[in-house]
Each structure stands twice: as structure tokens, then as C-alpha cells.
Amino acid sequence: MVRAFDFAQGKRLWIAMVVALLLTTGATAQDRVPIVVASKPFGESYLLAEMFAQLLEARGIAVNRMQGLGSTEIVFSALRSGSVDVYPEYTGTGLIAVLHDTLPPDDLADSRKVFAHVSGAFASRYGVRWLPPLGFENTFAIAVKEETAAQYRLRTLSDLARESARLNAGFTADFIDRSDGLAGLARVYGIRLATVKPLLPALKYEALASGAVDVIDAFSTDGLLERYRLVVLDDDRHFFPPYEGAALLGPRASGRADVVAALTLLSGRLGEPAMRSLNRRIEVDSEDVSAVAASMLKSLALTAGQAPSTARTHGSGADGIGSYMWARRATLVRLTLRHLWLVALALAIATLVAVPLGLALERARSIAGPALAGLGVLQTIPSIALLAFMVPLLGIGAAPALVALWLYALFPIARGTYTGVRDADPGAVEAAEALGMTTGQRLLKVRLPLAAPVIMAGIRTAAVITVGATTLAAFIGAGGLGEPIVTGLAIADTRMVLSGALPAAALALVVDAALGIVERRVRPAHLR
Amino acid sequence: MALDDVSLEVSRGQCVALVGESGAGKTTLLRCFNRMIVPAEGTVAVDDRDVASEQVVELRRRIGYVPQHGGLLPHWTVLRNVALVPELRQQSDTGAAARYALEQVGLPAADFGSRYPGELSGGQRQRVALARAIAARQTVLLMDEPFGSLDAISRADLQTLCASLRRELGVTTLLVTHDLLEADLLADEIVVMRAGRVEQRGTLEMLMSAPATVYVASLLKRARVGGRRDEDAW
């Protein structure tokens, strides 16, 4: 009785659901797909993306966060291919790095003209939409200490040019190299510094504070500018293009009126002092990104919910790395399993392809050299670049990461198989043939068993490389132990970096040891 | 290495030795018989059957083969190595055949069967290779410098063993060697080869009494045949 009732009920429910689904698919299926909000791997980008995400969520729009994607190249490709729907971008970056364009100096000085040019070009060329700017610029800035500014009477870059022969600079390698960096300053202002030292971004503020250098490059919204009370010299000839922050929307997000409406609420609301102080809270005071984002949205009256009253800090330094990792153990276990899954899958597919490939090359030795050299060249591509190449083809997430990691793992395995089988005791192989073993028998009973240790060594090498390269997969949103590394680097949180790097290093050792055991087990009997 | 217009016939149960310098074509000629090399022209027959007409693995499974360094499978035990051809021929008595062959070469299976080739001396390895080449009662035996890398004492032992085994088994044998004295000891007839051609065929006495060419004469002279027995004929 009960069973029959359930059955009838269940059946009716099914029909109702199917009908409902059919009726609503066209209209609302689109709205149910979460909006993917992404950022680049630095603190301000994380913060803006988090504000976008919370703003959307507060209006009932489902969101997927894809933070810390590798570079402009990666995140913009992902936006165009539809893997990402929204991320914060800067007009100057759009002009120079994406459009490879420039404007006459007068137009370049006018941020509105730059925005109009860039947003027009993006819309027509890529179908990508810029929302009105958020209200701040984050341009290159040249900064000196207050004392230096006073001593040499420095207020503008023209002033700096006047005194430059007496001053020593510490610039990031990026700034030294780019045409809109040091070279342009020399050209436009005639700045000729006594010495220029290349410095890591993380070190340049310390170098300036300690007096090792007099002048550094910075970003105008860096939180550290405030902390060290530095003077940003005025770009009086408007050499640097404006870098106005704004939300960049892919085709799907542009088509969603609710998304556009929600995100436009932030336009013009974030001034430079506000951004500098928000960045300071993240980079200097080590506050939690989502807490800072929530409190800012609350203070702008854009969300109704109450801002977290206590600012959770992520790197106060009070706790050791051990207790920090213990507190995050659930996350770390999840990330480690994800990492292991990526490595295992990439490695398994690579082995399935590379072992037969190595065997085939051994039978066609004339092409083996060029073919292995080709795979070897793949190895020389920096992993981050290989990952970036995958984004336009496969979007972001696990699929492109797996393909890149797979390509990376092919060479050691194919080479191990090729050399192992080629060099397997030629006398024994020849005798086996002369005594009547078939080609297949020679392969399975003689050559592969004798080559097994060399093949396994190749797989082991590939495994250790893959464990390391997989940490970079976080740059294209594949997850794994790279996630805390990328985020930690972005928000200058050493403990967060270590919480990813230490398990990754341990994983490499464990994987190597485990495969070492397998290697011993497949070693031919006479070698044990 | 090319052979040039070579004709060689070995009667059933006979042993013929191919001698000559490196590059004379001895090994090439030997390998034509188990089709490890297929001549561009001409025919090769074993047991009156054209080798080209036969399944190549079937042909090879009835021809024993002993290369210079034994060619044992290093990851297999001695017993399994010797049982290889009986196993390939899917004989029912592979284990017994292998044990018997080991007995014949003076390496009792009880002592040596479970060892790996790497644990044996050079002479023992060649004995195992010989056992492997006769374990399936092969009717033809091809030996390519089988004792060439052994020390003098092992070599003499193996030569003696080989001579007595041949008498016992009556297997048709082709032996490649540098050593005229070894050829004389083991073979019924000697074939002197040079640059892919046969210079002369006959017993050592025939060669000595009437060398067909200047080369044969110089070969005999250099080997100092009839004088002190020289380990290093070449």
C-alpha cells in the first residue's frame, strides 16, 4: 500500500519535474549557472574580485571564485573563452598589454579618453565590456622617502630628472625592461640615475627604508606607500598612461542585466586613498581578504549584512606555521588530494602514451632523435608559459592543467622507454630472436622486463617534475597545493605560501619514495 | 658485409668450420641459415627445405644457436634459459629436457638451475648457452665464435666437451672461429673465407699439403700450425 503510493507519487513527481524543467530551461537555466569571478595573483586584484563576488552574492546571484589566475594573458584568455565572466582590470594594462596600442600624448594624459578608447576597442574586437571605472588609478609611481624629497626638493618627476645624477635607484626587473618603464622615463624626462639596481618587488620598500637606494618604482595604490610614508612624485608630463581600475565583463556576464546592475554600483566608489588603505590592511596588517572586502562593501552601504566586527588576521605571526597548518588541516588535506589527483591522472595518461611512443621510436630509430628532441623542447618551455598556452584552447580549470602537465611528463617517460629498450642487453635480445622468439615475445619477455628499471626511473622523474609543476596549475584555476602558494604570494602572507609549499615538497618526496618501491619491485630478478 | 657467390653444403651430422679474418663474411654466412640475414640472391636450405619457404620462428626453433657471449637472458634462471626453446615449441617435457641438457654440459640442474647467468663464470655461461642450443634436440647447430672470449683453460675444456657432445648427438654443425686449431679439433672440414668468398675447403691436412691460394698459405703460416699450439692464433 505504502509502496504503491510512493511509486505513484514518485512517478508524478518525476513528470512534474521534467515538465517544469522543460518550461524553465530556456528562460532561467542561464541564470542558474554561477558567475565566475576571477582575479590576477596580487592583493588588490584579490580584494576587488572578492568585493565583486560578495556584491553579486548579496543580490542572490550564484558565484564561483577563481582567484589568482596567472597573468593578464591567462585571465584575459579565460574571459574571452567564457571560462571566466568577470575580473578587475586596469585601462593602461588593457591599452598596452592587451591591445598593444598607444595614444597621442595629449589623449594619454586624459583618463576619460583612454577609457573610451580601450572600452570601445575591447567591445568591437573581443566582445568584452568595461564597466565604468571604480574611481581609482593604480599607475606606476616613482617614490622617495620624505627626507629625500625634502633634501633634494623633489615634488615631480621633472624635479627628479634635475637631481637624478646624484640618486641611486632600485627598480623591479619588470620596470627596468618595459618600454613604458625606465627607458621611457629617460626619454621623456631625461632622468639619468647614478645607479639602477634590479630589486625583487618584495624587497624594494625595505631597500628604500634602509637607505640602500633613494628611488623606487611602485604602484600608486600600494599599501606599503602609506606604511613607509613615502612621497610619490607627480608625473607632470603624463608619461605613465592612466591605469584606472574597472570591472571587465565577458559576453555572458555582459548579457546579464542583474550582474551589470550589481557591479556598476561600485563604479566611482573606490578612491585612491580608500584603495591604499584597503591594500594596507591586506599587505601590511595581514587582514583577511574577504573580511576587508565585506567591511568595505558595508561601509559603502552596498551590502546590508553586518560586516565582521573582528578583522580576522591571516598572518599575525603570533602562531607558528605548525599550528597555522593544523588549523587549516581540512583545507590542506582537500588541496593535497586534489594535487595528488591531478598528478596521478596526468602521469597515468602520460605513461599510457609515452611508453608505446618510446617503443615505436625504438622501432623507427631514424625519427627517434628528432621526435625526442621535440619532446625535450616542450620540457624547456617554462611550466607557467605552457599552462598559459592552454588557456585560449581549453579555458581554465583542470582540463588545460592536465594537458599541460601531461605534455610535461611525456619526455622523461618516452626517453626512458626508448633508451631502456634500445640498450636492453643486445646480445640476449639477439639470441632470443635467433632461437625463435617472436617480436612480441621478445618485447614482453625480454626487452620490457630488462628496460623496466630505466622506464620506471623515467616515470619517477616525470612524477617529481609533475608534483612541482602542478603547484603552478593554480595559476589557471586547477586548484591543488598551488592555491595557498599563489594567494599567499599575492597578499604577502609567508605562512600561507608555506602551507602550500611544505606539503607540496613532502608530496614530491613521498611520491618519489613510493615509486622507488615500485621500481625495486619491477627490477629484473637478477638485479635484486 | 656482403657474400659473393658462395656455395656451401654441410652434410647431415657433419661439422664444418668457417675460418678467416674479421670481415671475411663468416658470421654473415652463418646467419643466413637461421634467416637472421636474408641474402639478396640465391637460396639457403636446411634439411633440404628452402628457409624462405618456412615460418621463420619455426625454422629458428629447430636450429640451435650459440653466440660468442652466450646471449643468455640475464633476468631468467639457468633452467629457464635452457628451457626456452622447448617452451617455445610447446613441448610437454620442457623441465626434463632442460635438466637433461644441463646434465649433458656438466652443470647439474640441482646445483646450477636456479642461478642467474650473472652468477656464473664465462665458461659456465657458454656451457649453459650450449645446453640451450641442444635442449630441444635441435638438428642443426650454429656456433659463432662460441669460445672466443674465454680464458685458455675454460676454452680447452669447452672444446673437449663440444667435441664429445657432437659425437654423441651427431648434430649438423656450422662453427665460426678465428682459430684454425679449434677448427681442426671440432670440425670434419674447414672452409677458409676471405672478403666474402670461399678460398678453399678441406681438412687441415689438405689445406697444409696443398694451399689453394697464397692467402691460405699465409693463414696457415701465421697460425703456426704443426708447431707449438698457439692460444692466440690471430
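Scroll up to find the structure.
Just so it is clear, the structure is predicted and the values come from calculations on it, not from any experiment. (Residues numbered from 1 in each chain as written. Chains lettered and ligands numbered in written order. Predicted model: local features only at pLDDT ≥ 70, side-chain atom pairs only at ≥ 80, totals over all residues. Heavy atoms only, no water.)

**Here we look at the nonpolar core**
Point 1. Formed by 146 residues in total, the largest nonpolar core has its most connected members in A:Phe122, A:Ile142, A:Leu266 and A:Leu270.
Point 2. Apart from residues lying up to four places away in sequence, A:Phe122 is in contact with A:Phe76, A:Gly94, A:Val98, A:Leu99, A:Gly127, A:Val128, A:Trp130 and A:Leu248.
Point 3. One finds B:Val82, B:Val105, B:Phe112 and B:Ala163 within the second-largest nonpolar core, a separate group that totals 47 residues. (Core = buried A, V, L, I, M, F, W, Y, C linked by side-chain atoms within 4.5 Å. Buried < 20%, exposed > 50% of the residue type's maximum accessible area, 1.4 Å probe, protein only. Contact = heavy atoms within 4.5 Å.)

**Notes on the packing of aromatic side chains**
Residues and elements named next belong to chain A.
Point 1. Enumeration according to the criterion identifies 15 aromatic pairs over all chains in this entry.
Point 2. Relative to Trp130, the ring of Phe122 has its centre 5.3 Å away and its plane inclined at 75°; by these criteria the two rings are edge-to-face. Here Phe122 matches Trp130 in class, with each residue buried.
Point 3. Residues Phe140 and Phe219 carry aromatic rings whose centres are separated by 5.3 Å and whose planes lie at 25° to one another, so their mutual orientation is stacked. In this pair, Phe140 is assigned in strand S5 (residues 140-145) and Phe219 in strand S8 (residues 215-219), connecting sequence segments 79 residues apart.
Point 4. Among the residues examined, Phe140 registers a relative accessible area of 5% and is labelled buried.
Point 5. On the basis of relative accessibility, which here comes to 36%, the residue Phe219 falls in the partly exposed class.
Point 6. Ring pairing ties together the aromatic residues Phe140, Phe171, Phe175, Phe219, Phe239, Phe240 and Tyr243, which thus form one cluster.
Point 7. Over the ring of Trp326 we find Arg329, and its NZ or CZ is 4.0 Å from the ring centre. (Phe/Tyr/Trp six-rings, centres within 6.5 Å; stacked < 30°, edge-to-face > 60°. Helix = DSSP H or I, 4+ residues; strand = E, 2+ residues; numbered from the N terminus. Lys NZ or Arg CZ within 6 Å of the ring centre and 35° of its normal.)

**Here's the deal with the interface of chain B and chain A**
Point 1. Taken together, the 20 residues of chain B in the interface contact 20 residues of chain A.
Point 2. Carbon and sulfur atoms supply 66% of the area that chain B and chain A bury against each other, a total of about 1,700 Å² over both sides.
Point 3. Its largest share of buried area at the contact with chain A, chain B owes to B:Arg60, B:Pro74 and B:His75, together 30% of the area lost on that side.
Point 4. Summed over the shared surface of chain B and chain A, the number is two salt bridges.
Point 5. A:Glu430 is paired through a salt bridge with B:Arg31; the nearest N and O atoms lie 2.2 Å apart.
Point 6. Taken together, the connections running from chain B to chain A amount to seven residue pairs in polar contact (both at pLDDT 80 or more).
Point 7. Those elements that provide at least two residues to the side of chain B that touches chain A are helix H2 (56-61), strand S4 (63-66) and helix H4 (84-88) of chain B.
Point 8. Per-class residue counts for the side of chain B that touches chain A are 13 nonpolar, three polar and four charged. (Buried area = accessible area lost by both parts, 1.4 Å probe. Salt bridge = Lys/Arg side-chain N within 4 Å of Asp/Glu carboxyl O. Polar contact = N/O pair within 3.5 Å; in protein donor to acceptor, adjacent residues only side chain to side chain. Nonpolar A, V, L, I, M, F, W, Y, C, P; charged D, E, K, R; others polar.)

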